[in-house]
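# Summary of the model geometry
Spelled out from the first residue to the last, the chains are:
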Amino acid sequence: MASELEVGGLSVGSSSAAPVTVKATGGSEGIRIERHDATSQYLSLNESNGGEHKIEAYGSKDFSLTNHSASHSIKLKTNNTDRLTIDSAGDATFTGTTV
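Thresholds, definitions, all that
Residues numbered from 1 in each chain as written. Predicted model: local features only at pLDDT ≥ 70, side-chain atom pairs only at ≥ 80, totals over all residues. Heavy atoms only, no water. Helix = DSSP H or I, 4+ residues; strand = E, 2+ residues; numbered from the N terminus. Contact = heavy atoms within 4.5 Å. Pairing = 2+ DSSP bridges. pLDDT = per-residue confidence, 0-100. Salt bridge = Lys/Arg side-chain N within 4 Å of Asp/Glu carboxyl O. Buried < 20%, exposed > 50% of the residue type's maximum accessible area, 1.4 Å probe, protein only. Phe/Tyr/Trp six-rings, centres within 6.5 Å; stacked < 30°, edge-to-face > 60°. Lys NZ or Arg CZ within 6 Å of the ring centre and 35° of its normal. 1 Å grid on protein atoms, 1.4 Å probe; cavity = no way out; pocket = protein on both sides within 12 Å on 5 of 7 lines; lining within 4 Å. Points joined across faces, edges and corners; volume = space filled by probe spheres on them. Nonpolar A, V, L, I, M, F, W, Y, C, P; charged D, E, K, R; others polar. Patch = residues over 30% accessible without salt bridge, like charges linked within 9 Å, V, L, I, M, F, W, Y side chains within 5 Å. Areas by Shrake-Rupley, 256 points an atom, 1.4 Å probe, with all protein chains shown as cover.

### Points about the side chain of Thr-85
Mapped onto the elements, Thr-85 comes out in strand β7 (residues 81-86). Discounting chain neighbours no more than four positions away, the residues touching Thr-85 are Ser-73, Ile-74, Lys-75, Asp-91, Ala-92 and Thr-93.

### Comments concerning the sheet that holds strand β8 (residues 92-94)
Sheet strands associate in pairs through backbone hydrogen bonding, adopting either a parallel or an antiparallel arrangement. A sheet is described by the order of its strands in space; here 4 strands give the open sequence β6-β7-β8-β9, paired in antiparallel fashion. Each end of this open sheet is capped by a strand with a single partner; those strands are β6 (74-78) and β9 (97-98).

### A word on the confidence of the model for the protein chain
Averaged over all residues, the pLDDT of the protein chain equals 77, while 68% of them reach at least 70. Per-element mean pLDDT across the protein chain ranges from 54 in strand β1 (residues 5-7) up to 91 in β8.

### As for the pattern of salt bridges
Counting across every chain of the model gives 4 salt bridges. Note that Lys-75 is salt-bridged to Asp-82, the shortest N-O span being 3.3 Å. Overall, Asp-82 belongs to the partly exposed group, its relative accessible area being 31%. Among the salt bridges present, the one from Asp-82 reaches Lys-77, with a minimum N-O distance of 3.5 Å. For Lys-77, a relative accessible area of 47% puts it in the partly exposed group.

### Describing the packing of aromatic side chains
Inspection of the entire model under this criterion finds 1 aromatic pair. Where Tyr-42 meets Tyr-58, the ring centres are 4.6 Å apart and the plane angle is 20 degrees; that geometry is what we call stacked. Separated by 16 residues along the polypeptide, Tyr-42 in strand β4 (residues 38-48) and Tyr-58 in strand β5 (residues 52-58) bring together distant segments of the chain. The side chain of Arg-32 reaches across the aromatic face of Tyr-42, ending 3.7 Å from its centre.

### Focus: the layout of surface pockets
If you add up the space inside the largest pocket, you get close to 170 Å³. Those elements that provide at least two residues to the lining of the largest pocket are β3 (29-35), β4 and β5. Each residue belonging to the lining of the largest pocket can be placed in one class, and the counts come to 6 nonpolar, 4 polar and 4 charged.

### Comments concerning a nonpolar patch on the surface
Nonpolar side chains collect at one region of the surface, where Ile-31, Ile-33, Leu-43, Leu-45, Ile-55, Phe-63, Leu-65 and Leu-76 lie side by side and expose about 730 Å² of accessible area between them. Looking at the nonpolar patch, the elements with two or more residues in it are β3 and β4. Mapped onto the fold, Ile-55 is located in strand β5. According to the relative accessible area criterion, Ile-55 is exposed, its value standing at 60%.

Written out as structure tokens, the structure is:
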């Protein structure tokens, strides 16, 4: 039998998934994901002075962005346009220029 936890409309371990919204109550940090027993190592999704959205890694570890698919790429976009694409072979394309 699977375990299920439900708190305020958030259901974990349920077969009926629903969208989840996380809202900060104040300050510039929106979401913080900490390592167990290592609170100095965390990821932060936030807004900087109302001017830019950020994903930041804190602590003494490398930060990596990984796509575990053997045939798909990682893309960074602005205004819904690809600006940087790293394909599954490791080749990088910057706005049409392959490096």
